[in-house]
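Commentary on secondary and tertiary structure
Spelled out from the first residue to the last, the chains are:
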Amino acid sequence: MRPRSRARGWALQALYAWEARRNDVTLDETLRQFMVDRNIAADSREYLRRLLQLIEDNADEIDGVLESALRNWRLERLSVIDRNVLRIGAAELLYMPDVPERVAIQEAIILAEKYGTVESPRFVNGVLDALMRRVRPSGTDASGEARP
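This report concerns the structure included in the present document. What you see is a predicted model, and the numbers here were worked out from it, not measured in a lab. (Residues numbered from 1 in each chain as written. Predicted model: local features only at pLDDT ≥ 70, side-chain atom pairs only at ≥ 80, totals over all residues. Heavy atoms only, no water.)

**A word on the overall build of the protein chain**
Short version of the rule: By definition, any uninterrupted DSSP run of H or I lasting at least four residues is a helix, any uninterrupted run of E lasting at least two residues is a strand, and each is numbered from the N terminus. Relative accessibility thresholds used throughout: buried, under 20% of the residue-type maximum; exposed, over 50%; partly exposed, between the two (1.4 Å probe, protein chains only). Contacts between residues were defined by any pair of non-hydrogen atoms, one from each residue, lying within 4.5 Å.
Along the backbone of the protein chain there are seven helices and zero strands. Secondary structure elements of the protein chain occur, N-terminal to C-terminal, as α-α-α-α-α-α-α. Per-residue burial for the protein chain yields a buried fraction of 45% across its 148 residues. Residue pairs in contact within the protein chain that sit at least 24 positions apart in sequence constitute 68% of those at least 6 positions apart.

See the structure below:
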């Protein structure tokens, strides 16, 4: 498994732990404790930090765009796993132009398959695909520039 894929899995676990204790600690504090308690490979640590920092710094915007991509659902009504898989995918789509949009979506689907329910992968795919179409209209790359 590649370092970024492992980092996404660790990010999901850290987000789950953070949500379980949300009123008590920040995401950054959760990550610091997580790094102490877990044996995370050095080649995954930087991407894990970067991803969680983006989610913490942009939580309101990420949740807002996810809400707009959901049909007949509210973010807080989703399972903790589905909600945080969507946050990881959305953070990569919105703030990481070095991650191709299809890779961000596929990696989120893999997380949903591994940690979610039977319905999770299809649900995650649909929401992130709708989000991608809103934030990266057809014919543009991650920076918004026209593709050749």
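**What to know about the packing of aromatic side chains**
How we decide: Think of it this way: a Phe, Tyr or Trp ring, Trp meaning its six-membered ring, pairs with another when their centres are within 6.5 Å, and the plane angle makes it stacked under 30 degrees, edge-to-face over 60, tilted otherwise.
Counted under the stated rule, the structure contains two aromatic pairs. A ring pair is formed by tryptophan 73 and phenylalanine 123, whose centres lie 5.8 Å apart and whose planes are at 65 degrees; its orientation type is edge-to-face. Linking tryptophan 73 in the loop between α4 (59–69) and α5 (80–95) with phenylalanine 123 in helix α7 (residues 120–135), this pair joins segments that are 50 residues apart in sequence. Judged by relative accessible area, tryptophan 73 falls into the partly exposed class, the value being 45%.

**Considering the side chain of glutamate 92**
Rules: In protein, a polar contact requires one atom able to donate a hydrogen and another able to accept it; more generally it is a pair of N or O atoms within 3.5 Å, and residues adjacent in sequence count only if both atoms are side-chain atoms.
Along the chain, glutamate 92 falls in helix α5. Residue classification places glutamate 92 among the buried positions, given a relative accessible area of 0%. Within the local environment of glutamate 92, its side chain forms a polar contact with the side chain of tyrosine 47, the two groups lying 2.4 Å apart.

**Observations concerning unusual backbone geometry**
With a phi close to 65 degrees, asparagine 72 is a non-glycine residue in the positive phi region. Structurally, the position occupied by asparagine 72 is in the loop between α4 and α5. Note on asparagine 72: relative accessible area 80%, which makes it exposed.

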